[in-house]
Amino acid sequence: MEKLLFGISGLPLGNEGDKFTYATGIEYLSNMGLDAMELPFVRSVNVTPKNMHSIIEAKEKHNFYLSAHGSYFINLNAVEDEKKEKSLERITLGAEALKSVGGRSLIFHPGFYLKATKEDALEEVKRNLMKLPYFGVDYRLETTGKGTQFGDIDELIHICKEIDTCKLCIDFAHVHARGNGALKEYDDFARILEKVGEGLGREALDDLHIHLAGIAYSEKGEKHHLPFLESDFNYQACMKAFVDYEVKGCVICESPILERDAKLLKDTYESL
């Protein structure tokens, strides 16, 4: 990637009474100076023959970056083989749909530990990820926000190092919540970027997918997202680390106020 892009998850909020399609949402966000949208495939894949062409047209007109968040119903460490096969099917359907509109990155949570050890869960998740067909869409494994969920940053770096089709999605809000408020200062963000560079090389920092939001949490991890100014998430230090480490790729804002906080992030980043 040539630079760091900024966008939102799903459709913009707009003003009272506004309603958007993916195509009109892309135009609205572009007019705000934003660069990206993450399509929500979390409950169903909602790119269809009816809306596909309008999405492609808007994407190309505004030079927009498209990613998608895969199904919430994925567990590649499930006990039942049927659940693992259904998980792989959902991931594949999401990748095919994203490819059809020229998108690049399918983001998903790989699974849960359940009663498995962390080591056994890692091997089982890895074994199943290797079964996925490759369509030219990167499978982005997202850091998770609770200790019961598979997907701390070390586990995901390990997988991305071994499976070429897998890349990182660092959800810094999830890392913050999983560590019960772990990201307090600039050095906390810098340490993560150092770890990515050491584990996966400079190319990973040149093409990093990122989720950001304010977040409420407890000792058990994430509870729900918050606007940045209503949370303790140090977005200024985060942006400074991105500048200093010359991070490129895409930042997707998942704040409840979506494009307003995405613009706050981009404006902060560009002011540094």
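Everything quoted here is computed from the prediction, not taken from an experiment.

> Could you give me a rundown of the nonpolar core, with the residues and numbers involved?
L39, L106, L129, F172, L212 and F242 are the most contacted members of the largest nonpolar core, which totals 76 residues. Residues A36, Y65, C250 and I252 belong to the second largest nonpolar core, which totals 5 residues.

> How would you summarise the environment of E27 if you had to cite specific residues and measurements?
Here E27 shows up in helix α1 (residues 22-32). A relative accessible area of 36% places E27 in the partly exposed class. Residues E27 and K126 lie 99 residues apart in sequence; the distance between their C-alpha atoms is 38 Å. In contact with E27, other than residues within four places in its own chain, are K61 and H62.

> Provide a residue-level description of the UniProt feature "domain: Xylose isomerase-like TIM barrel" (unreviewed entry) in the protein chain, including the pertinent values.
If you check UniProt for "domain: Xylose isomerase-like TIM barrel" (unreviewed entry), the listed places come out as residues 27-258 in our numbering. Secondary structure content for residues 27-258 is 41% helix and 22% strand, while the C-alpha to C-alpha distance between its ends is 15 Å.

> Residues and numbers for a nonpolar patch on the surface, please.
A surface patch of nonpolar side chains, about 300 Å² in accessible area, is lined by V79, F112 and L114. Within the secondary structure, L114 is located in the loop between β5 (111-112) and α4 (118-129). Overall, the relative accessible area of 51% leaves L114 in the exposed class.

> Break down unusual backbone geometry for me, citing the residues and quoting the values.
Backbone geometry at L114 places phi at a positive 55°, although glycine is not the residue there. Not every positive phi belongs to a glycine, and L258 is a case in point at roughly 35°. Secondary-structure assignment places L258 in helix α10 (residues 258-271).

> Go over the sheet that holds strand β4 (residues 105-108) with me, naming the residues and quoting the values.
In spatial order, the strands read β1-β2-β3-β4-β6-β8-β9-β12; together these 8 strands close into a barrel with parallel pairing. Strand-to-strand twist across the sheet, computed as the mean angle between neighbouring axes with direction ignored, equals 30°. As paired elements, strand β1 (residues 4-9) and strand β12 (residues 249-253) share 5 bridges and run parallel to each other. Across the sheet, residue L5 finds its bridge partner in β12, namely C250.

> Lay out the pairing of strand β6 (residues 138-142) with the relevant residues and their values.
Within β6, 5 of the 5 residues are buried, which leaves it mostly tucked inside the rest of the structure. Bridge analysis of β6 against strand β8 (residues 166-171) gives 4 bridges, and the strand direction is parallel. In the sheet register, L141 faces β8, and the bridge partner there is L168.

How each quantity is defined
- Residues numbered from 1 in each chain as written.
- Predicted model: local features only at pLDDT ≥ 70, side-chain atom pairs only at ≥ 80, totals over all residues.
- Heavy atoms only, no water.
- Core = buried A, V, L, I, M, F, W, Y, C linked by side-chain atoms within 4.5 Å.
- Buried < 20%, exposed > 50% of the residue type's maximum accessible area, 1.4 Å probe, protein only.
- Helix = DSSP H or I, 4+ residues; strand = E, 2+ residues; numbered from the N terminus.
- Contact = heavy atoms within 4.5 Å.
- UniProt positions renumbered as here; feature names shortened; annotations may be inferred.
- Patch = residues over 30% accessible without salt bridge, like charges linked within 9 Å, V, L, I, M, F, W, Y side chains within 5 Å.
- Areas by Shrake-Rupley, 256 points an atom, 1.4 Å probe, with all protein chains shown as cover.
- Salt bridge = Lys/Arg side-chain N within 4 Å of Asp/Glu carboxyl O.
- Pairing = 2+ DSSP bridges.
- Axes fitted to C-alpha atoms, helices over the stretch in contact; angles between N-to-C directions.

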